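Residue-level structural notes
Residue strings, one per chain:
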Amino acid sequence: MLPIRLGMVNADGPQEMIVLTLTRRGRVETTNYRTVRMPTDLDVPEFVKGEFVSFYPLLFDAVRRKEGEGVVFQEYAWAISPVRPTCDPCTGPNLRQEELRGLGAYWFARQGLPQSDLFLTRLHLRYDARHWPEDLLLQETGDRANWQARYVIHHPYPGAEECPERKPYLKSLWERRKNEAANYAMLTGTDEGSVRQRMGVRDDWSQGDEALNWWERIWR
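Cut-offs applied
Residues numbered from 1 in each chain as written. Predicted model: local features only at pLDDT ≥ 70, side-chain atom pairs only at ≥ 80, totals over all residues. Heavy atoms only, no water. Helix = DSSP H or I, 4+ residues; strand = E, 2+ residues; numbered from the N terminus. Rg over C-alpha atoms; globule rule 2.2 N^0.38 Å. Contact = heavy atoms within 4.5 Å. Areas by Shrake-Rupley, 256 points an atom, 1.4 Å probe, with all protein chains shown as cover. Lys, Arg positive; Asp, Glu negative; His and termini not counted. Charge placed at Lys NZ, Arg CZ, Asp CG, Glu CD. Core = buried A, V, L, I, M, F, W, Y, C linked by side-chain atoms within 4.5 Å. Buried < 20%, exposed > 50% of the residue type's maximum accessible area, 1.4 Å probe, protein only. Axes fitted to C-alpha atoms, helices over the stretch in contact; angles between N-to-C directions. Parallel < 35°, antiparallel > 145°, perpendicular 65-115°, else oblique. Left-handed = near helix turned anticlockwise from the far one by under 90°. Nonpolar A, V, L, I, M, F, W, Y, C, P; charged D, E, K, R; others polar.

Regarding the overall build of the protein chain
Of the regular secondary structure elements, the protein chain holds five helices and nine strands. When the helices and strands of the protein chain are read in sequence order from the N terminus, they spell out β-β-β-β-α-β-α-β-β-β-β-α-α-α. For 220 residues, the compact-globule estimate of 2.2 N^0.38 gives 17 Å, and the C-alpha radius of gyration of the protein chain, at 23 Å, exceeds that figure by more than 25%. Considering only contacts within the protein chain whose residues lie at least 6 apart along the sequence, 76% involve residues at least 24 apart. Split by element, the accessible area of the protein chain, about 13,200 Å² in all, is 53% carbon and sulfur. For the protein chain, the centre of its 30 positive side-chain charges and the centre of its 32 negative side-chain charges are spaced 3 Å apart.

Structure representation (structure tokens):
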């Protein structure tokens, strides 16, 4: 059990909480509130790379509005091992054995026992007294499927060489940008027209001189 009600006594508005757990068998979830996975594996526009610190809060707010106030969101669930990294992609340096034991994984890599993996779960919630009438009750599950909230950024080829594959490539690129804008609007609740403006695309989703023929680019 994780007490959150006590922190509401003198709280002024909602509070943010990140819960990180290390377990033996699998991911952790709440039993008295819904645990919902964040959207994942979606292509987003290139500008997100420089604005992720503002993009993710917008995404979190939009998902929270959709799912409801009293919901716990899963952002990460992964089997970890300091001797053989398994993350894809890795979000930071792997913790050493002594660090893992210092965090409470007392069973890990004890002398005379076989090497065993740990499972790391990251949960995220925004709670207040109105929508969270109980403390968090957590349970360890047997689910060891690796999962993480992940958002993909593609960078187009910057060259302007002429070849038979140029037009098909540009057509696929423009279609991808269209999907990226739709994903961003869906994830953040933003108007798609404003997303297009930030991407700097034309009506056909091209940028710069991409849509010009080679002779037109010469005389620009």
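A look at the nonpolar core
Core analysis: the largest hydrophobic core is formed by 25 residues, its most contacted members being M38, F55, L59, F73, Y151 and M199. When contributions to this core are tallied by element, the ones reaching two or more residues are α1 (52-67), β5 (71-80), α3 (166-188) and α4 (192-199). With sequence-adjacent residues up to four places away left out, M38 is seen in contact with Y56, L59, F60, V63, F73, Q74, E75, W147, A149 and Y151. Counting residues in hydrophobic clusters, the runner-up holds 11 residues, among them M17, V72, Y127 and W132.

Here we look at the packing of α3 against α4
At their nearest, the axes of α3 and α4 sit 9 Å apart, and the two run at 130 degrees to each other. Taken together, the axes of α3 and α4 lie oblique to each other. For the pair α3 and α4, the sense of crossing is right-handed. The residues of α4 that touch α3, namely those facing R177, E180, A181, A182, Y184 and A185, are E192, V195, R198 and M199. Broken down by class, the residue content of the contact of α3 with α4 amounts to six nonpolar, no polar and four charged.

Section: the environment of R101
Along the chain, the position of R101 falls in helix α2 (residues 97-102). Spatially, the C-alpha atoms of R101 and L22 are 10.0 Å apart, while their sequence positions differ by 79 residues.

Brief notes about the packing of α1 against α3
As a packed pair, α1 and α3 sit with axes 7 Å apart at the nearest point and diverge in direction by 60 degrees. With respect to α3, the axis of α1 lies oblique. Contact residues: α1 offers F55, L58, L59, A62 and R65, while α3 offers Y184, L187 and T188. Here the residues of the contact of α1 with α3 sort into six nonpolar, one polar and one charged.

Things to note about unusual backbone geometry
With glycine set apart, most residues show a phi of negative sign, and most peptide bonds adopt trans. The phi dihedral of D41 falls on the positive side, at around 55 degrees, and the residue is not glycine. Within the secondary structure, D41 is located in the loop between β3 (34-37) and β4 (42-43). Even without a glycine there, the phi angle at W205 is positive, about 75 degrees. You can see W205 is positioned in the loop between α4 and α5 (214-218).

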